[in-house]
2 protein chains.
Amino acid sequence: MYCVGVDIGGMSIKIGVVDSNGKLIKKDRVVTDIAGGPHKIISDIGKLILSLVDPYDNDFAGVGIGCPGAINSSAGVVDRAFNLNWYKVPLAEELMRMVNRRTLVSNDANCAALGETMFGVGRTYTDTIFLTLGTGVGGGIVLGGKLYEGNEGKGAEMGHTVLVVDGEQCSCGRKGCLEAYCSATALIRDTQKAMEKDKSSKMWEYAEGSLDKVSGKTAFECSKLGDKSAIKVVDRYIKYLGEGMLNFANIFRPQAIILGGGICAQGDYLIYKLKDYCKDRNYGFADTPRFDILAAQLGNDAGIIGAAALIFSNNQ
Amino acid sequence: MYCVGVDIGGMSIKIGVVDSNGKLIKKDRVVTDIAGGPHKIISDIGKLILSLVDPYDNDFAGVGIGCPGAINSSAGVVDRAFNLNWYKVPLAEELMRMVNRRTLVSNDANCAALGETMFGVGRTYTDTIFLTLGTGVGGGIVLGGKLYEGNEGKGAEMGHTVLVVDGEQCSCGRKGCLEAYCSATALIRDTQKAMEKDKSSKMWEYAEGSLDKVSGKTAFECSKLGDKSAIKVVDRYIKYLGEGMLNFANIFRPQAIILGGGICAQGDYLIYKLKDYCKDRNYGFADTPRFDILAAQLGNDAGIIGAAALIFSNNQ
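Below is a summary of the structure that appears in this document. (Residues numbered from 1 in each chain as written. Chains lettered and ligands numbered in written order. Predicted model: local features only at pLDDT ≥ 70, side-chain atom pairs only at ≥ 80, totals over all residues. Heavy atoms only, no water.)

**Some details on the packing of aromatic side chains**
Within a pair of aromatic rings, the relevant descriptors are the distance that separates the centres and the angle that separates the planes.
Okay, so step 1: Evaluation of the coordinates by the stated rule reveals 13 aromatic pairs over all chains.
Okay, so step 2: When the centroid spacing of 5.8 Å and the interplanar angle of 85° are considered together, the rings of A:Phe119 and A:Phe312 count as edge-to-face. On the criterion of sequence distance, the pair formed by A:Phe119 in helix 3 (residues 108-119) and A:Phe312 in helix 10 (residues 302-315) is long-range, its members being 193 residues apart.
Okay, so step 3: Between A:Phe220 and A:Tyr269 the ring centres are 6.2 Å apart and the planes differ by 75°, which places this aromatic pair in the edge-to-face class. Linking A:Phe220 in helix 7 (residues 218-224) with A:Tyr269 in helix 9 (residues 267-278), this pair joins segments that are 49 residues apart in sequence.
Okay, so step 4: According to the relative accessible area criterion, A:Phe220 is buried, its value standing at 0%.
Okay, so step 5: A residue is classified by how much of its surface remains accessible, and A:Tyr269, at 25% relative accessible area, is partly exposed.
Okay, so step 6: Ring pairs connect the aromatic residues A:Tyr148, A:Phe252, B:Tyr148 and B:Phe252, which therefore count as one cluster. (Phe/Tyr/Trp six-rings, centres within 6.5 Å; stacked < 30°, edge-to-face > 60°. Helix = DSSP H or I, 4+ residues; strand = E, 2+ residues; numbered from the N terminus. Buried < 20%, exposed > 50% of the residue type's maximum accessible area, 1.4 Å probe, protein only.)

Next comes the structure, spelled out in structure tokens:
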């Protein structure tokens, strides 16, 4: 059995054929023709799928789609995707008519969570929480080996849980969300603030003297060089992310929390610091089981493999 | 089919026979003989169950037990229950030998969550979050009509999710947990602080001039009389509880959040204020489904009915 995974991005749509071990057999991409509108994009996706698979092959089980935005996964509808300029697009139904196979759609972070748990770094686990640390903070919940998505598939918004009542403004309208402290955007803001306070910080050299060149790496890389202001920024970042993870641990008591997204490029440096922060703060007594902390490992193909996993997990 | 529900408390153990509609057919209680140790207590429970049911009746399906403390529900072991002075007590196995039926044990808040969802105020729903607002803040998670308890059954500790990093000290060791703002204990602390600041507050009269007589009702009742300091205390309480509930809504996107515990005696006054706080703050766009907010309705029998529900939900 194999499935097709579709990873819709603002620039391009990546499509791949994935086998039941999560192996990507072949892949291709098509430019996201946003100006062409949803029907054109769905038609482009359908054509590329049909060029990659034989529609008469009984081994072709279905199509999973990962899409950014507010997705009603129960209905297969993209309720709203700002960067695609989509509103109420019946994506699954329309694509299914072209490919004649079961078609499921979910939020891209949910797909990544499922992909990493079924086929990636979390494959020995069944109950995991996934966080993407990127421009925002996305989330996914896998319980008993299946996605938990909530009513209309609109849960798992762990980035939008308040860590500091009346804290930093979040893009969602509330104040003090995890995203407002632990996204790359927030880390860059905090790095810039620290640089403004400390003109002798090595971060200035790393950022070529310009606040505009600060990235999610600046504080991390300079903290490794021993720069005090950078260390403070990183310690604060670890503290807020650690507190958020402990919250999810106390709610779900998962086997593992998996981290993806750009910040995760810090790998072991990030993971060890988080493990150290969390190890004595897990709720309860000595008997409470600990949770593993893992960096996502599927990399660039995570979107395709995770989307295909939607079909595999529902077929099990 | 009927089941027995056992509600273990520090003073007494309530035991009842519950039918498959969640109706309590008969009940009795036995004093909790803490000094006698766990074997004595388990023997007392077993004897009372056998006096309430006929052990040869094929309609008697099993025994569910709700117990305070850290429960390993997968193993049926009470890992630690401070108020019973129990440590690593294999409660389910030992009781099963006496009653010769399937025996399950879970945390008391989890049982209440399941009872209210299957047989109480949440019976039209399958995905609910339950919070008990008492001395502490307990939690329970029902997904797809069954308890979600996490690894070893030690999740659903929603009271121990941080709302304010570096905030009020919580009993769990961390700072700023929901429990440290929304338990009756926290409400009493905040009421006392407000009274110390405002010697003319009506709360002094309500508490008979003594800070020691402040209860979880003081601020609520005086806010209804228009007392400004009391209104501030209640508004703050609603804000923190509302933020916590919004967090759980964004994670689970449940159909409803059910509130139990002493504070819940405020009924509609509490529920309306919370609905008002949450209505425009739900994550996402206009399309995001809202969640209902409900006050628990099983009352004094919630523990027994919820414990029995452990067996009913596993038998479905």
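Read on for the rest.
**Comments concerning the sheet that holds strand 6 (residues 77-81) of chain B**
Residues and elements named next belong to chain B.
Okay, so step 1: Pairing in this open sheet of 3 strands is antiparallel, and the strands run 5-6-7 from one edge to the other. Each edge of the open sheet carries a strand with a single partner, namely strand 5 (70-72) and strand 7 (86-89). The sheet shows a mean angle of 15° between the axes of neighbouring strands, taken without regard to direction.
Okay, so step 2: Summarising the sheet, strand 6 and strand 7 pair through 3 bridges and their orientation is antiparallel. Within the sheet, the bridge partner assigned to Val78 lies in strand 7 and is Val89. (Pairing = 2+ DSSP bridges. Axes fitted to C-alpha atoms, helices over the stretch in contact; angles between N-to-C directions.)

**Quick word on the packing of helix 1 (residues 37-52) of chain B against helix 2 (residues 91-99) of chain B**
Packed helix pairs are specified by the crossing angle of their axes together with the interaxial distance, meaning the distance between the axes.
Residue and element names in this part refer to chain B.
Okay, so step 1: Put simply, helix 1 and helix 2 touch, their axes get as near as 9 Å, and they point 40° apart. In terms of orientation, helix 1 and helix 2 fall into the oblique class. In this structure, the crossing between helix 1 and helix 2 has a hand that is right-handed. In this structure, helix 1 uses His39, Ile42, Ser43, Ile45, Gly46, Lys47, Ile49 and Leu50 to contact helix 2, whose residues at the interface are Leu91, Glu94, Leu95, Met98 and Val99.
Okay, so step 2: Residue composition of the contact of helix 1 with helix 2, by class: 8 nonpolar, 3 polar and 2 charged. (Parallel < 35°, antiparallel > 145°, perpendicular 65-115°, else oblique. Left-handed = near helix turned anticlockwise from the far one by under 90°. Contact = heavy atoms within 4.5 Å. Nonpolar A, V, L, I, M, F, W, Y, C, P; charged D, E, K, R; others polar.)

**A look at helix 2 of chain B**
Since one α-helical turn is 3.6 residues long, residues separated by three or four positions face the same way.
Residues and elements named next belong to chain B.
Okay, so step 1: If you check which residues of helix 2 are buried, you get Leu91, Ala92, Glu94, Leu95 and Val99. Here the buried residues of helix 2 occupy an arc of 165° about the axis, which is enough to place them on one side.
Okay, so step 2: Buried-residue contacts for helix 2 involve strand 1 (2-8), helix 1, strand 4 (60-67), strand 6, strand 7 and strand 8 (102-107).
Okay, so step 3: Just downstream of helix 2, Asn100 is the residue with a positive phi angle, here 60°. (Arc of directions from axis to C-beta.)

**A few points about the sheet that holds strand 12 (residues 256-260) of chain B**
The strands making up a sheet associate through hydrogen bonds between their backbones, and the pairing can be parallel or antiparallel.
Residue and element names in this part refer to chain B.
Okay, so step 1: What the 5 strands build is an open sheet, ordered 11-10-9-12-13; its pairing is mixed. What marks the edges here is a single partner per strand, and that holds for strand 11 (146-147) and strand 13 (292-295).
Okay, so step 2: In terms of strand pairing, strand 9 (residues 128-133) meets strand 10 (residues 137-143) through 6 bridges, oriented antiparallel. If you follow Ile129 over to strand 10, its bridge partner there is Ile141.
Okay, so step 3: The strands touched by helix 3 (residues 108-119) are strand 9, strand 10, strand 11 and strand 12; relative to strand 10, the strand with the most contacts, the crossing angle is about 50°.
Okay, so step 4: Set on the sheet, helix 8 (residues 228-252) makes contact with strand 9, strand 10, strand 12 and strand 13; between it and strand 9 the angle comes to about 155°.

**A word on the interface of chain B and chain A**
Okay, so step 1: Taken together, the contacts link 45 residues of chain B with 45 residues of chain A.
Okay, so step 2: Across the chain B to chain A interface the summed buried area is about 4,000 Å²; carbon plus sulfur atoms make up 57%.
Okay, so step 3: If you look at where chain B meets chain A, you find 4 salt bridges.
Okay, so step 4: Among the salt bridges present, the one from A:Lys239 reaches B:Asp166, with a minimum N-O distance of 2.8 Å.
Okay, so step 5: The interface formed by chain B and chain A contains 28 residue pairs in polar contact (both at pLDDT 80 or more).
Okay, so step 6: At the level of elements, strand 6, strand 7, strand 10 and helix 8 of chain B are the ones that each hand at least two residues to the side of chain B that touches chain A. (Buried area = accessible area lost by both parts, 1.4 Å probe. Salt bridge = Lys/Arg side-chain N within 4 Å of Asp/Glu carboxyl O. Polar contact = N/O pair within 3.5 Å; in protein donor to acceptor, adjacent residues only side chain to side chain.)

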